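Each chain, letter by letter, is given below.
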Amino acid sequence: MTNKWRPATTLVHGGTLRSQYGEMSEAIYLTQGFAYDSSEAAEARFKGETDGYIYARYGSPTNDMFEKRMCALEGAEEARATASGMAAVSAALLCQLKAGDHIVAARALFGSCRWVVETLAPRYGIECTLIDGRDLANWEKAIQKNTKVFFLESPTNPTLEIVDIAGVAKLANQIGAKVVVDNVFATPLFQKPLELGAHIVVYSATKHIDGQGRSLAGVILSDKEWVDEHLQDYYRHTGPAMSPFTAWTLIKGLETLPIRVKAQTDNASKIADFLAEHKHVAKVIYPGRKDHPQADIIARQMSGGSTLVCFELKGGKEAAFKLQNALEVVTISNNLGDTRSLITHPATTTHKNLTDEARAELGISPGTVRFSAGIEDGEDLLEDFARALAAI
Ligand SMILES: *Cc1c(COP(=O)(O)O)cnc(C)c1O
């Protein structure tokens, strides 16, 4: 979709459809089906000769507005809204794979994503190789004759490792494979995987896109050719569609996305700098800081820091629990990208199902803590952290 506006304008006006009533706020079309003026009109609609809706599992007006607004933001030709981020990830992968195919994936993946490629896909005869995605040489080494998909997340959860998306895309193009990027942590504002050469982008819209803890949602974006060939039938017939009510909350979420992400990033950056100097903190990983181990790739592929900060406390699990329990403004929760500041201890929550060895490979130690900055006043967050760290 060509787009003449800058992101903030696109996110307020992009994709809006107005009914004959001229409503200002987008309408919620809570309908499962659609009526046809004549038998001929129904026939033409089913043949694809006329535009229009058929059944809400395929598409519907409120979802269409959300999808078009996302396309305009992402620079994608097509989007499909899904009921959750995991519905988006599993559909984006499975719709294009069959028994005998091979996936190469970075091992630092959101827990459920890792389960899909490591445990679910092999049940259907789809092989998977998990690698340390930071080094391009590992992607190249893992390629087999049957490699069809490269799958990655960047920055990763929770240790904010970076994968060189343009580098992986170049390798994929040499063998005709597709690159699927889970772009949740970067947000659609700070990283444009399609411009970097990736073929498919997925989001958990539960995170920054809603950003207010109300909705479970996802979206898949790509070009028209890929959607027509792979996703269209899979999406229509397996039923991961989003509820129109959810689409409406996301349309409203997108309007304020740039304002929220900016406030969250400003807060995250302040907290990262504060933690880096603190005596109880062993290290801070933040994509907006010069001391991030992959600052060079970040400068090439991201236009902003992050709303998340990962840090390690010298006192291990005990110190992490004390800090979390002592925070008053910041809430203990495994969600992220919310207007409220949230903190989580990956080793005992989001990454508890991994073996100690797998956790160590990802750089998750007992003292690792993940902070998701909200939009509160940064001074209150700084005071909260200072007081809670003193409690250790
Ligand atoms: C949350 C998340 C998902 C899953 O999304 P849901 O909306 O919870 O299904 C996938 N990938 C990443 C990186 C996430 O943060």
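Please read all numbers here as calculations on a predicted model, not as lab measurements.

Moving on, we get to the domain arrangement of the protein. Annotation of the protein at the domain level lists domain 1 (7-255) and domain 2 (258-390). On a C-alpha basis, the centroid separation for the pair domain 1 and domain 2 is 27 Å. Listed by partner, the interface residues are 37 residues for domain 1 and 36 residues for domain 2. Counting the contacts that link domain 1 with domain 2 gives two salt bridges. For the salt bridge of D164 with R300, the shortest nitrogen-to-oxygen distance reads 3.3 Å. Counting only elements with at least two residues in the side of domain 1 that touches domain 2, the list comes to α1 (7-13), α7 (165-175), α8 (187-190) and α10 (244-276). Considered class by class, the residues forming the side of domain 1 that touches domain 2 number 19 nonpolar, 10 polar and eight charged.

To continue, consider the layout of surface pockets. A probe as big as a water molecule, rolled over the atoms, marks out the empty space that is left. Here the largest pocket defines a volume of roughly 810 Å³. The wall of the largest pocket is formed by 28 residues, among which G52, D64, E78, R80 and R236 lie closest to the centre. At the level of elements, α2 (39-47), α3 (61-74), β1 (78-82) and α9 (224-238) are the ones that each hand at least two residues to the lining of the largest pocket. A per-element tally of the lining of the largest pocket places α9 first, with five residues. Of the residues belonging to the lining of the largest pocket, the class tally is nine nonpolar, six polar and 13 charged. Estimated volume of the second largest pocket: approximately 650 Å³. In this structure, the second largest pocket is lined by 34 residues; those nearest its centre are F110, G111, S112, C113 and T350. Residue assignment for the lining of the second largest pocket shows that the elements contributing at least two residues are α4 (85-94), α5 (111-123) and β6 (200-204). With seven residues, the top contributor of residues to the lining of the second largest pocket is α5. Within the lining of the second largest pocket, the residues separate by chemical class into 13 nonpolar, 14 polar and seven charged.

What counts as what
- Residues numbered from 1 in each chain as written.
- Predicted model: local features only at pLDDT ≥ 70, side-chain atom pairs only at ≥ 80, totals over all residues.
- Heavy atoms only, no water.
- Domains from an automatic or database assignment.
- Contact = heavy atoms within 4.5 Å.
- Salt bridge = Lys/Arg side-chain N within 4 Å of Asp/Glu carboxyl O.
- Helix = DSSP H or I, 4+ residues; strand = E, 2+ residues; numbered from the N terminus.
- Nonpolar A, V, L, I, M, F, W, Y, C, P; charged D, E, K, R; others polar.
- 1 Å grid on protein atoms, 1.4 Å probe; cavity = no way out; pocket = protein on both sides within 12 Å on 5 of 7 lines; lining within 4 Å.
- Points joined across faces, edges and corners; volume = space filled by probe spheres on them.

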